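# Secondary and tertiary structure notes
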Amino acid sequence: MLGAIVTLLLVAAAAYAIGQAGGLITLLFVAAVVFLAYRRLSLLVFTATFTLLLAAYTLLGASSAPAGVWKGFLWVILAALWLLNLRPLRKAIITRPFMKAYLKLLPPMSQTEREALEAGTVWWDGELFTGAPKWPKLLSAKPPVLSAEEQAFLDGPCEELCRMLDDWHITHELGDLPPAVWDFMKSRGFFAMIIPKQYGGLEFSAYAHSCVLVKIASRSTTASSTVAVPNSLGPAELLNHYGTQEQKDYYLPRLARGEEVPCFALTGPRAGSDAASIPDTGIVCRGIWQGREIVGLKLNFSKRYITLAPVATVIGLAFRMFDPDRLLGDRADLGITCALIPRNTPGVTIGRRHFPINIPFQNGPIQGKDVFVPLDVIIGGPKMAGSGWRMLVEQLSVGRCISLPSNATGGAKAGVWATGAYARIRRQFNMPVGRFEGVESVIARMVGLTYTMDAARSVTAGAIDGGEKPSVPSAMLKYHVTEMGRQVANDALDVHGGKGICLGPRNYLARGYESVPVAITVEGANLLTRSLIIFGQGAVRCHPFVLREMNAARNPDRTQGVDEFDRALFGHVGFTISNAFRSLVMALTHARLTRVPVDGQTTRYFQHIVRFSASFAFAVDVAMLTLGGYLKKKENLSARLGDVLSCMYLASMVLKHHENQGRQNQDLPIVEWACRHLLYHAQEQMHGFLRNFPNRPLAGLMRFFIFPRGRTYSAPGDRLGRQVASLVTDSTDSRERLCEYIYWTLEPTNPLGLLQEVLLLTRTAEPIEKRIRVEGVKTGKVTALDLPGQIQQAIAAGIITETEGAALRDYDRKTLELINVDDFAPDELSRRAEPVPQSQARSSAHVA
Ligand SMILES: Cc1cc2nc3c(=O)[nH]c(=O)nc-3n(C[C@H](O)[C@H](O)[C@H](O)COP(=O)(O)OP(=O)(O)OC[C@H]3O[C@@H](n4cnc5c(N)ncnc54)[C@H](O)[C@@H]3O)c2cc1C
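A tally of regular secondary structure across the protein gives 35 helices and nine strands. Here the C-alpha atoms of the protein give a radius of gyration of 31 Å, agreeing with the 29 Å that 2.2 N^0.38 yields for 848 residues. Each principal axis of the C-alpha atoms in the protein carries an extent, and together these give about 100 × 95 × 50 Å. Counting all 848 residues of the protein, 55% fall into the buried class. Across the protein, every contact between residues at least 6 apart in sequence was considered, and the portion connecting residues at least 24 apart equals 76%.

Set out below in structure tokens:
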């Protein structure tokens, strides 16, 4: 409302000024100035061009008294602009005092914090912060592809592993993977995808690693979680990057061969999300090691939720290292440090299990009491003492882009594959349920989200293979892809009705559904990731000026600091003004005039992303300028800005994925659904940000530049939803492309293969069924209530042939097999004859 009033007032003022000051000439002058701001010229070029324009305007414009005042005002502005071009003067009177005040507001930052903040690389996320993303940077990246060896691994050992997995046996009967599966995974290199070949590993690309996880996750989340962990942030990754040669030579071949099973222990009962505050200690002291007195570490720790801990042979451990007796140097508090501890080290208690939400991957607590170890257990040796946090943050940027997003995508793909087929074969009210509008819209959402997830994981994995370590996208993928996975899992269950609810060997959805909260919680729980990390890290890391300003202000060389701060500050001011006008112009024109390098049916989405990028960059600057450090506390505002950034990022991934797949025309409805959904969400989150911005006049001003025509972007429509749903309720190329890499081989124990088989049979069966209905049931020639009876009567009445009847019977039998659910004798469901006394049920907190 306020925005609309401000807009009206400004339009009225402009109209008045134009009317008073000479109509068209004034309009041309204003348009030229807006154009200059839009094109983001340097201050000097802008000032020079403004001088020429103003001179022409003064000569040609109206000469009334109000026009004279207006022109006088513009000449004052021009004088100020020329003064700003005199750098020594501007440094003395503006930059220096401003930098002084700025420095006071900056929170102190330790070396470790700075290193963590600067960890990883800035990629497409940085472009989205500019307000004018350079598309060639994204579009020129090579599409990710699998090497022949990687493809062979997917078609060979990975296919074989999937065949071996019986999820009901694993989750309900065994509570673990069978020994044969463990052996197979260890011996065939499933735990060694990121280990270099020189150490016996597979050395797969990030993309191949991701595809392997997609495939396993489509079969069993217990297995995919088990495979994900050794290949993600953990001992192998840390050794690869920071280990001493001796450590690499010893551990990496053993890990590659599966002789060692790793885990990584950071989280504890007292330090969850705030992992940097771990109370676990390693004290440098003298002690006896293998019969000799040495300087080593005495460790005391209590960890929980540690994946693979119960079966791990080597523990990656994070603790805080202290040297109270100054045995190593003059620092007492050395900071967070990472070490590798063999399981059988005296003092370590390990082996008990947690039971994470019915998904029995190995996970449990670890405690250590006065565990004495030599200093060379530190990853990278004693010189890396205190570098643990940087190591973790740096490597998290890669692992977090792959493990959870790939597992979630594999689950979503399996969900879409199954749901599309099930919604076609399950009939109610004489129609496949997937043909009802209410169900179609849910299936369309599943498809659009799964396409987005797949695009994000594969394009980002491709970027990693190209050398990026994208820390902000890793947080965006972690949050959004797992949340989308949650939505797809919910939707799949809804469309399946009771079939999705009743557990048993025939249920192919429920364990995937149960596993969703695991993905949501691990590697930084989602609420925290959304509220604190995505925008908080992005604002500093990706913004083209903020980190430069911070570093310049802290530069101990004052003269150089002022010089750098001055360039950054004035670049920043010009950047903000330019983004305001870019946002306004693109919002008014609906970005139709925005130049983008792609010409075709997706052009408009490229243009809208540029528009949102300018609006976002402008809003970010206003928010940071006015709220400063307080923005971190206003988590909902940060979260909404993070959502806008993420939606632009994900929509860019969708467009790039579409390009990578050769611009498949059949997929266009899905691409449109995904982009519309994301950009609509970006708009609504920006609206929510403005609605809740504490400074209301500024919120109104921002609204004028961002939504001068109101919120004009629409969510995907019903007709589009119908088109999208139809692509997966039939056997189409789009369906196969979308669900690429899942395990849908036709074999008796694979529901995904069986569902596809029956989906293909619908092509023959549905027309026969229709004939029976139209020519038999409606005419009264067929009176039976069940399909087998109807088939018999229809054959007798000559409506269908014997062969057609046999085909329909076969289809009906297979369909019923898939629709059926399990039932159990009461004693089959009871796992124990006697209840366990309460006193025997220990908790890890109690142990700790
Ligand atoms: C099954 C499982 C496997 C795991 N595997 C490992 C492993 O192998 N190694 C390891 O070290 N760790 C592991 N973890 C830990 C995991 O990575 C999370 O970091 C940890 O679970 C988060 O701590 P918490 O559960 O105690 O949540 P808490 O820290 O208690 O947080 C509770 C809630 O508050 C939210 N929250 C907290 N602070 C903020 C904030 N400032 N703003 C907004 N929201 C906030 C969180 O997002 C969460 O939703 C695992 C956890 C689980 C459940």
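All right, on to the site of the ligand then. Every one of the 23 residues lining the ligand counts as a neighbour, but Phe264, Leu266, Thr267, Ser273 and Tyr305 are closest to it. Within the backbone of Thr307, a nitrogen or oxygen atom sits 3.0 Å from an oxygen atom of the ligand. When isolated, the ligand has an accessible area of 980 Å², and the protein chains bury 69% of it. Of all the secondary structure elements, the ones that give two or more residues to the shell around the ligand are strand E1 (262-265), strand E3 (292-307), helix H20 (510-521) and helix H21 (526-541).

With that settled, the discussion passes to the pairing of E3. In this sheet, E3 lies alongside strand E2 (residues 281-289) in antiparallel orientation, the contact comprising nine bridges. Paired with Arg286 across the bridge in E3 is Val295. Where E2 hands over to E3, the hairpin turn is made up of two residues, of which Gln290 adopts a positive phi near 50 degrees. Relative to strand E7 (residues 363-374), E3 runs antiparallel, the two sharing nine bridges. Counterpart to Phe301 in the pairing with E7 is Gly368.

Counting across every chain of the model gives 23 aromatic pairs. Geometrically, the ring pair formed by Phe184 and Phe190 is tilted, given 6.1 Å between the ring centres and 40 degrees between the ring planes. Residue classification places Phe184 among the buried residues on the basis of a relative accessible area of 12%. Ring centres of Phe618 and Phe705 lie 5.4 Å apart, and the angle between their planes is 65 degrees; this geometry places the pair in the edge-to-face category. Highlighted residues: Phe618 in helix H24 (residues 603-627) and Phe705 in helix H28 (residues 696-706), separated in sequence by 87 residues. Taking relative accessible area as the criterion, Phe705 reaches 12% and is therefore assigned buried. Members of the aromatic cluster, joined through ring pairs, are Phe153, Phe184, Phe190 and Phe204. Here the basic side chain of Lys71 rests over the ring of Tyr57, its NZ or CZ set 5.5 Å away from the ring centre. Against the face of Tyr38 rests Arg582, its NZ or CZ located 4.6 Å from the ring centre.

Moving on, we come to the side chain of Glu747. Topologically, Glu747 is positioned in the loop between helix H30 (733-738) and helix H31 (751-777). Looking at Glu747, the relative accessible area reads 13%, which means it is buried. A polar contact of 2.8 Å, which involves the side chain of Glu747, links it to the side chain of Thr749.

All chains considered together, the criterion is met by 38 salt bridges. Linking Lys814 and Asp810 is a salt bridge whose minimum nitrogen-to-oxygen distance equals 3.4 Å. Taken together, the residues Lys814 and Asp810, both in helix H33 (residues 802-819) and four residues apart, mark about one turn of the helix. Look at Asp810 and you get partly exposed, because its relative accessible area is 27%. Taken together, the shared-partner salt bridges in this structure form one network comprising Arg87, Arg90, Lys91, Asp563, Asp566 and Arg567.

This part covers empty space enclosed by the protein. The rolling of a water-molecule-sized probe over the atoms marks out the regions of remaining empty space. All chains considered together, the criterion is met by one cavity of 30 Å³ or more. There is about 40 Å³ of room inside the largest cavity. For the largest cavity, the full set of lining residues is Trp123, Ala141, Lys142, Pro144, Val459, Gly462, Ala463, Lys656 and Asn660. Elements supplying a minimum of two residues to the lining of the largest cavity: helix H17 (437-465) and helix H26 (635-660). Broken down by element, the lining of the largest cavity gets its largest block of residues, three residues, from H17. Taken together, the residues that form the lining of the largest cavity break down as five nonpolar, two polar and two charged.

Right, let's talk about the nonpolar core for a bit. If you look at the biggest cluster of nonpolar residues, it comprises 227 residues, and the most contacted ones within it are Phe190, Ile366, Phe616 and Phe689. Broken down by element, the residue count for this core peaks at 15 residues, all from helix H16 (residues 388-425). For Phe689, the contacting residues outside a window of four places in its chain are Ala619, Ala623, Leu637, Arg640, Leu641 and Met702. Counting residues in hydrophobic clusters, the runner-up holds 10 residues, among them Phe50, Leu54, Leu74 and Leu81.

This paragraph deals with unusual backbone geometry. A positive phi angle is found at Gln290, which is not glycine, with a value near 50 degrees. With respect to the helices, strands and loops of the structure, Gln290 is situated in the loop between E2 and E3.

Under the criterion given, the structure shown has zero disulfides. Cys211 forms no disulfide, and the closest cysteine sulfur to it belongs to Cys158, at a distance of 9.6 Å.

Topologically, Asn300 is positioned in strand E3. On the accessibility criterion, Asn300 (25% relative accessible area) is partly exposed. For the pair Asn300 and Gly600, spaced 300 residues apart in the sequence, the C-alpha separation amounts to 62 Å. If sequence neighbours within four positions are ignored, Asn300 has contacts with Asp280, Thr281, Gly368, Lys369 and Asp370. Here Asp370 takes part through its backbone nitrogen, which lies 2.8 Å from a polar atom of the side chain of Asn300.

The next point concerns the pairing of strand E4 (residues 314-322). Residues in a regular strand point their side chains to alternate faces of the sheet. In terms of burial, E4 is largely enclosed, as seven of its nine residues are buried. Inspection of the sheet shows E1 paired to E4 by four bridges, in the parallel sense. Bridge pairing in E4 places Cys263 opposite Ile315. Pairing of E2 with E4 involves three bridges; the strand directions are parallel.

Running from amino to carboxyl end, H21 crosses H26 at an angle of 60 degrees, the nearest separation of the two axes being 8 Å. Between H21 and H26, the angle falls in the class oblique. The two elements H21 and H26 cross, and the hand of that crossing is left-handed. Contacts from Arg530, Ser531, Leu532, Ile534 and Phe535 in H21 reach Glu635, Ser638, Ala639, Arg640, Leu641, Gly642, Asp643, Leu645 and Ser646 in H26. Grouping the amino acids of the contact of H21 with H26 by side-chain chemistry returns six nonpolar, four polar and four charged.

Running from N to C, helix H14 (residues 235-242) and helix H15 (residues 245-256) cross one another at 145 degrees; their axes reach a closest spacing of 10 Å. H14 and H15 meet at a crossing whose hand is left-handed. On the side of H14, the interface is formed by Ala236, Leu239 and Asn240, while H15 contributes Gln247, Lys248, Tyr251, Leu252 and Leu255. Of the residues assigned to the contact of H14 with H15, the class counts are five nonpolar, two polar and one charged.

Cut-offs and rules
Residues numbered from 1 in each chain as written. Predicted model: local features only at pLDDT ≥ 70, side-chain atom pairs only at ≥ 80, totals over all residues. Heavy atoms only, no water. Helix = DSSP H or I, 4+ residues; strand = E, 2+ residues; numbered from the N terminus. Rg over C-alpha atoms; globule rule 2.2 N^0.38 Å. Buried < 20%, exposed > 50% of the residue type's maximum accessible area, 1.4 Å probe, protein only. Contact = heavy atoms within 4.5 Å. Near = heavy atom within 4 Å. Polar contact = N/O pair within 3.5 Å; in protein donor to acceptor, adjacent residues only side chain to side chain. Areas by Shrake-Rupley, 256 points an atom, 1.4 Å probe, with all protein chains shown as cover. Pairing = 2+ DSSP bridges. Phe/Tyr/Trp six-rings, centres within 6.5 Å; stacked < 30°, edge-to-face > 60°. Lys NZ or Arg CZ within 6 Å of the ring centre and 35° of its normal. Salt bridge = Lys/Arg side-chain N within 4 Å of Asp/Glu carboxyl O. 1 Å grid on protein atoms, 1.4 Å probe; cavity = no way out; pocket = protein on both sides within 12 Å on 5 of 7 lines; lining within 4 Å. Points joined across faces, edges and corners; volume = space filled by probe spheres on them. Nonpolar A, V, L, I, M, F, W, Y, C, P; charged D, E, K, R; others polar. Core = buried A, V, L, I, M, F, W, Y, C linked by side-chain atoms within 4.5 Å. Disulfide = S-S within 2.5 Å. Axes fitted to C-alpha atoms, helices over the stretch in contact; angles between N-to-C directions. Parallel < 35°, antiparallel > 145°, perpendicular 65-115°, else oblique. Left-handed = near helix turned anticlockwise from the far one by under 90°.

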